[in-house]
Amino acid sequence: MAMYLDIDLEYMFDMLGFDGDEDFNDPFEMIDQQQERYDLDFEGDDDMGRQRSDTLASEARNGKDMQGIPWERFSFTRDQYRQMRLKQYKNYENLVQSPDQLEKECKKVEKGSSFYDFQYNTRHVKSSIVHFQLRNLLWATTKHDVYMMQNYSVMHWSSLHQRSKEVLNVAGQIVPAKRRGSSVQPVSRVQVSTMAVKDNLMVAGGFQGELICKYLNQPGVVFSTKVTYDDNAITNAVEIYQTSDGSTHLMTANNDCLVRVFDTENFTLLSQFPFSWSVNTTSVSPNGKLLAVLGDDTDGLIADTKSGKVIGNLKGHFDYSFASAWHPDGHILATGNQDTTCRLWDVRNLSESLAVLKGRMGAIRGIKFSADGQFMAMAEPADFVHIYDARADYCKAQEIDLFGEIAGMSFSPDTEAFFVGISDRTYGSLLEFGRRHHYQYMDCFL
């Protein structure tokens, strides 16, 4: 894992120049002044600020940029800036790879589909990223409720009421309300590197190996600890999952090459599995029996969830992997890699990957399947999110074209909504999309 500084859109725009009103030498100073003037309190009732910075679906249909970027004030168009980004963006690689060899393997995909339509963009919640390789910092628990990291706060956004609320602040000392588990200990000033939310439980992992657990319907924190004191201790991934016997467990993946399993009743450490490289992501199969393990190696592993014993290998990627997800049917595993591809694997035959899907310009740092199994979304580090139709053999896709670093994405459990968190100093926001439906039976009334 390496440290890396992302470039804000503000800086990139300044490099390209600006042709705006003479009263403003710096367009972003003007934008910041407007935002400060109309900024809202988390619980404020003033709607004027929201109208100034947020974007409605009707406004986007009438030509407003969905992120609220004022392209008319720049001396370049959106298309010109997009082409510049595609040419100048440098994908981070740990290993040198051959692009020609990769291109030959990639599946031909028909782009241009519209599975989800833009609904709303708000800049009143702004995602933040601690480590550039870790982008699992946004979760939707319903089509109206989203949880995301914003600096030292876990924020809840209600798309129904268009209001945000802080549910956890990790800037100070975190002390569990009640002592649970033998390893419980206070933590403080946690830089949250990854998170997961399922049902009523929220789990956050920290840059120094911290682990924080909170029930969303209860005040305070139920459990906190440091899972390791290794100098290279970052928590790369956390997952809440159902075991084969129906119990709920919590899994952590850390840079110290260990995968740890906790129960979620007393938060007792049940087991830990050692591997020969830093583990960047783990995913448990829907039936709770198989564990996908990927990290600082070109190959991935399939292991037994209970014992940690390796029972299969995933060979094909050219760099390190940081994302993985199972299709709800339990047969297909998707893995995202810094070689700019997502590979699909049929776990019944791991001799080679089933398909290779390529991004536009960067690593695949996030993968999510919709609960009904129809769609798979994969996110690049910046600018592009791709949604594939799994029922069409991943041959059709929607490409969401935006600007900014992507902190996370999530389908709602009912698949009706899709959210993308953007991390950017000026244009950081939460984008909401709604599922498009085709009601053919209504044709008889036309």
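Residues numbered from 1 in each chain as written. Predicted model: local features only at pLDDT ≥ 70, side-chain atom pairs only at ≥ 80, totals over all residues. Heavy atoms only, no water.

- As recorded in an unreviewed UniProt entry, the protein chain goes by the name Putative WD repeat-containing protein C2A9.03, listed as coming from Cocos nucifera.

### Some points on the sheet that holds strand β15 (residues 248–254)
Item 1. Strand order in the open sheet formed by four strands is β14-β15-β16-β17, with antiparallel pairing between adjacent strands. Taken across any chain shown, the strands that pair with only one partner, and hence form the sheet edges, are β14 (235–242) and β17 (269–274). Within this sheet the neighbouring strands show an average axis-to-axis angle of 20°, counted without direction.
Item 2. Across five bridges, the pairing between strand β16 (residues 258–263) and β17 is antiparallel. Each residue of the ladder has a partner; that of Val261, found in β17, is Ser271. (Pairing = 2+ DSSP bridges. Helix = DSSP H or I, 4+ residues; strand = E, 2+ residues; numbered from the N terminus. Axes fitted to C-alpha atoms, helices over the stretch in contact; angles between N-to-C directions.)

### Considerations on the layout of surface pockets
Item 1. Looking at the largest pocket, its volume works out to about 1200 Å³.
Item 2. What lines the largest pocket is a set of 49 residues, among which Trp139, Glu239, Ile240, Lys368 and Phe369 lie closest to the centre.
Item 3. At the level of secondary structure, the elements contributing two or more residues to the lining of the largest pocket comprise β4 (138–140), β10 (192–198), β14, β18 (279–284), β22 (321–326), β26 (366–369) and β29 (396–411).
Item 4. With seven residues, β14 is the single largest residue contributor to the lining of the largest pocket.
Item 5. Residues of the lining of the largest pocket, tallied by class, amount to 24 nonpolar, 19 polar and six charged. (1 Å grid on protein atoms, 1.4 Å probe; cavity = no way out; pocket = protein on both sides within 12 Å on 5 of 7 lines; lining within 4 Å. Points joined across faces, edges and corners; volume = space filled by probe spheres on them. Nonpolar A, V, L, I, M, F, W, Y, C, P; charged D, E, K, R; others polar.)

### Some words on the nonpolar core
Item 1. Grouped together as the largest cluster of nonpolar side chains are 32 residues, with contacts concentrated most on Leu168, Met195, Val203, Leu211, Ile212, Cys213 and Leu250.
Item 2. Those elements giving two or more residues to this core turn out to be β5 (145–150), β10, β11 (201–206), β12 (210–215) and β14.
Item 3. Setting aside chain neighbours within four positions, we find Cys213 in contact with Leu201, Met202, Val203, Val221, Val222, Phe223, Leu250 and Phe267.
Item 4. Listed in part, the 19 residues of the second largest apolar core include Tyr116, Phe375, Ala379 and Val420. (Core = buried A, V, L, I, M, F, W, Y, C linked by side-chain atoms within 4.5 Å. Buried < 20%, exposed > 50% of the residue type's maximum accessible area, 1.4 Å probe, protein only. Contact = heavy atoms within 4.5 Å.)

### Here we look at the pairing of strand β7 (residues 163–169)
Item 1. Bridging between strand β6 (residues 153–158) and β7 involves six bridges; their strand directions are antiparallel. Of the residues in β7, the one forming a bridge with Ser158 is Arg163.
Item 2. Linking β6 back to β7 in an antiparallel pair, the connection comprises four residues, with Gln162 at a positive phi of about 55°.

### Topic: the sheet that holds β18
Item 1. Spatial strand order, β18-β19-β20-β21: four strands in an open sheet with antiparallel pairing. Whereas interior strands pair on both sides, the edge strands pair on one side only; in this sheet they are β18 and β21 (310–314). Each strand of the sheet is rotated relative to its neighbour by a mean of 25°, with strand direction disregarded.
Item 2. When β18 meets strand β19 (residues 290–295), the two strands line up antiparallel, connected through five bridges. Looking at the pairing, Thr281 lines up with Leu294 of β19.

### Concerning the pattern of salt bridges
Item 1. Taken as a whole, this structure holds 17 salt bridges when the rule is applied.
Item 2. Residue Glu399 pairs with Lys111 through a salt bridge whose shortest N-O separation is 3.3 Å. Taken together, the residues span a long stretch of sequence, with Glu399 in strand β29 and Lys111 in strand β2 (residues 110–111) at a distance of 288 residues.
Item 3. Under the relative-accessibility criterion, Lys111 is labelled partly exposed at 44%. (Salt bridge = Lys/Arg side-chain N within 4 Å of Asp/Glu carboxyl O.)

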